[in-house]
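Spelled out, the chains give:
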Amino acid sequence: MLSAKDIHITFNAGTPIETRALRGMSLDIPEGQFVTVIGSNGAGKSTFLNAVSGDLAIDSGTILISGRDVTRKPVWARAAQVARVFQDPMAGTCENLSIEENMALAYNRGRRRGLSLAVRKPMREEFRERLAILGLGLENRLSDRIGLLSGGQRQAVSLLMAALQPSRILLLDEHTAALDPRTADFVLNLTVRIVEESRLTTMMVTHSMRQALDVGQRTVMLHQGNVVLDVSGDERKGMDVPDLLAMFERVRGEKLSDDALLLG
Ligand SMILES: Nc1ncnc2c1ncn2[C@@H]1O[C@H](COP(=O)(O)OP(=O)(O)OP(=O)(O)O)[C@@H](O)[C@H]1O
Ligand SMILES: [Mg+2]
């Protein structure tokens, strides 16, 4: 489904602030697999997601989506295949548009009539049904501006929007990090449900080792722009948070602080 080979991205090349964010990173993700992505600050997690979505051009390497080479394709040309939910609930939705207009945009993404905001009756009914599943009462607020929603509500709608087109790649960049613990739990459970129901191929960046092991089928750790750990199946089932933390320490060559976030 997703095949990234030997990806290099260097920011500010040839200057004193040169940063080699991705250093020959490769990753293959089969269709429908849910991968959690961990790694310390600056490891290259967001950069990799940006490369997959096309938000960042890569210096070298290749990216295939469903067997198609999209390496040089812009964001819009990948939009039918790639959906994103960001850490900031304000990103990824248009706050001045209504809930149903935002959903219509997501629904039409990558289709021929790309940017249509028009919401026809059958579509409205479908949106209403999907929103009702959230149990947040949003099905009665279709014409409310999305900017009026709380962060958790917006993340929930963003996830629904991502699932409006099947067999896609879903990129989640710490999408529960800005939410209170209860809402974060709700959004995480919703994520698992939507990913399963819509069989989305998913990468979820998280700083919670617990989440990284509990959710999905595979965990990948990045360090200095490369994959340094890739576990799935029985090996992953046999791992616990301290094991992951120990690996973190090993690759970083330093002792980690007892950061509550990391232990969470
Ligand atoms: N647009 C940019 N310009 C210059 N440097 C950048 C840019 N984006 C990222 N970097 C640098 O590239 C490296 C990788 O950053 P990236 O955002 O991918 O890390 P991350 O793994 O997502 O970290 P975090 O956990 O803090 O979100 C960092 O050193 C970062 O400062
Ligand atoms: Mg990041």
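Calculation criteria
Residues numbered from 1 in each chain as written. Chains lettered and ligands numbered in written order. Predicted model: local features only at pLDDT ≥ 70, side-chain atom pairs only at ≥ 80, totals over all residues. Heavy atoms only, no water. Pairing = 2+ DSSP bridges. Helix = DSSP H or I, 4+ residues; strand = E, 2+ residues; numbered from the N terminus. Axes fitted to C-alpha atoms, helices over the stretch in contact; angles between N-to-C directions. Contact = heavy atoms within 4.5 Å. Near = heavy atom within 4 Å. Polar contact = N/O pair within 3.5 Å; in protein donor to acceptor, adjacent residues only side chain to side chain. Areas by Shrake-Rupley, 256 points an atom, 1.4 Å probe, with all protein chains shown as cover. Nonpolar A, V, L, I, M, F, W, Y, C, P; charged D, E, K, R; others polar. Salt bridge = Lys/Arg side-chain N within 4 Å of Asp/Glu carboxyl O. Buried < 20%, exposed > 50% of the residue type's maximum accessible area, 1.4 Å probe, protein only. Phe/Tyr/Trp six-rings, centres within 6.5 Å; stacked < 30°, edge-to-face > 60°. Parallel < 35°, antiparallel > 145°, perpendicular 65-115°, else oblique.

Visitor: So what exactly am I meant to see when it comes to the sheet that holds strand E7 (residues 169-173) here?
Guide: Within a sheet, adjacent strands bond to each other through the backbone by hydrogen bonds, running parallel or antiparallel. Spatially, E6-E7-E8-E3-E9-E10 is the arrangement adopted by the six strands of the open sheet, whose pairing is mixed. Single-partner strands in this sheet number two, and they are strand E6 (82-85) and strand E10 (226-232). Strand-to-strand twist in this sheet, taken as the mean axis angle between neighbours without regard to direction, amounts to 20°. Sheet topology note: the strand E9 (residues 218-223)/E10 ladder contains six bridges and is antiparallel. If you follow Met221 over to E10, its bridge partner there is Leu229. Most of the contacts of helix H1 (residues 45-53) go to E7, to which it runs at about 150°, and overall it touches strand E3 (34-38), E6, E7, strand E8 (201-205) and E9. Seen against the sheet, helix H5 (residues 151-162) touches E6 and E7 and runs at an angle of roughly 175° to E6.

Visitor: Help me understand the site of ligand 1, please; the structure alone is not making it clear to me.
Guide: The environment of ligand 1 is formed by 14 residues, the closest being Asn41, Gly42, Lys45, Ser46 and Thr47. Here Asn41 contributes a side-chain N or O atom positioned 2.8 Å from an oxygen atom of ligand 1. Side-chain polar atom of Ser46 to an oxygen atom of ligand 1: 2.8 Å apart, as the coordinates give it. Relative to its unbound accessible surface of 640 Å², ligand 1 loses 62% to contact with the protein. If you list the elements that add at least two residues to the shell around ligand 1, you get strand E2 (19-29) and H1. A total of three residues in the shell around ligand 1 trace back to one element, the largest contributor, which is H1. For the shell around ligand 1, the residue count by class is three nonpolar, nine polar and two charged.

Visitor: Is there a simple way to think about the pattern of salt bridges in this case?
Guide: When the charged atoms of two side chains with opposite charge come close together, those side chains can pair. For the coordinates displayed, the defined rule picks out 11 salt bridges. Here Asp28 makes a salt bridge to Lys5, at a shortest N to O gap of 3.7 Å. Note that Asp28 is positioned in strand E2 and Lys5 in strand E1 (residues 2-11), a separation of 23 residues in sequence. Given the relative accessible area of 41%, Lys5 is considered partly exposed. Glu126 is the salt-bridge partner of Arg130, the closest N and O atoms lying 3.0 Å from each other. With Arg130 and Glu126 both in helix H4 (residues 121-134) and four residues apart, the pair spans about one turn of that helix. Here Arg130 falls in the partly exposed class, since its relative accessible area comes to 25%. The structure contains a network of salt bridges with shared partners spanning Arg210, Asp214 and Asp240.

Visitor: Where do I start with the side chain of Thr93 in this structure?
Guide: As for its position among the elements, Thr93 is in the loop between E6 and helix H3 (99-108). A polar atom in the side chain of Thr93 sits 3.0 Å from the side chain of Arg154. Excluding residues within four positions of it along the chain, Thr93 makes contact with Asn102, Ile146, Arg154, Ser158 and Met161.

Visitor: Would you explain the packing of aromatic side chains in this entry?
Guide: Each pair of aromatic rings is reported with the distance of its centres and the angle of its planes. Going through the model one piece at a time under the given rule, you end up with one aromatic pair. Residues Tyr107 and Phe127 carry aromatic rings whose centres are separated by 6.3 Å and whose planes lie at 70° to one another, so their mutual orientation is edge-to-face. Within this pair, whereas Tyr107 is found in helix H3, its partner Phe127 is found in helix H4, the two being separated by 20 residues in sequence.

Visitor: I tried to follow H3 on my own but got confused; where do I start?
Guide: What sets the pattern is the α-helix's 3.6 residues per turn: residues three or four places apart point alike. H3 sits mainly inside the fold: eight of its 10 residues count as buried. Those residues of H3 that are buried lie in contact with H4 and H5.

Visitor: Hey, could you run me through the packing of H3 against H4 in this one?
Guide: For any two helices packed against each other, one specifies the inter-axial angle together with the distance between the axes. Between H3 and H4, whose axes approach to 11 Å, the crossing angle comes to 105°. In terms of their interaxial angle, H3 and H4 are classed as roughly perpendicular. For the pair H3 and H4, contact is made by Ile99, Glu100, Met103, Ala104, Tyr107 and Asn108 and by Met123, Arg124, Glu126, Phe127 and Leu131, respectively. The residue inventory of the contact of H3 with H4, partitioned by class, reads seven nonpolar, one polar and three charged.

Visitor: Teacher, can you tell me more about the sheet that holds E1 here?
Guide: Spatially, the four strands line up as an open sheet ordered E2-E1-E4-E5, and their pairing is antiparallel. Strands with a single pairing partner mark the edges of an open sheet, and in this sheet they are E2 and strand E5 (68-69). Sheet topology note: the strand E4 (residues 60-65)/E5 ladder contains two bridges and is antiparallel. Note on E5: the bridge partner recorded for Leu64 is Asp69. Of the strands in this sheet, E1, E2 and E4 touch H1, which is tilted by about 120° from E1.

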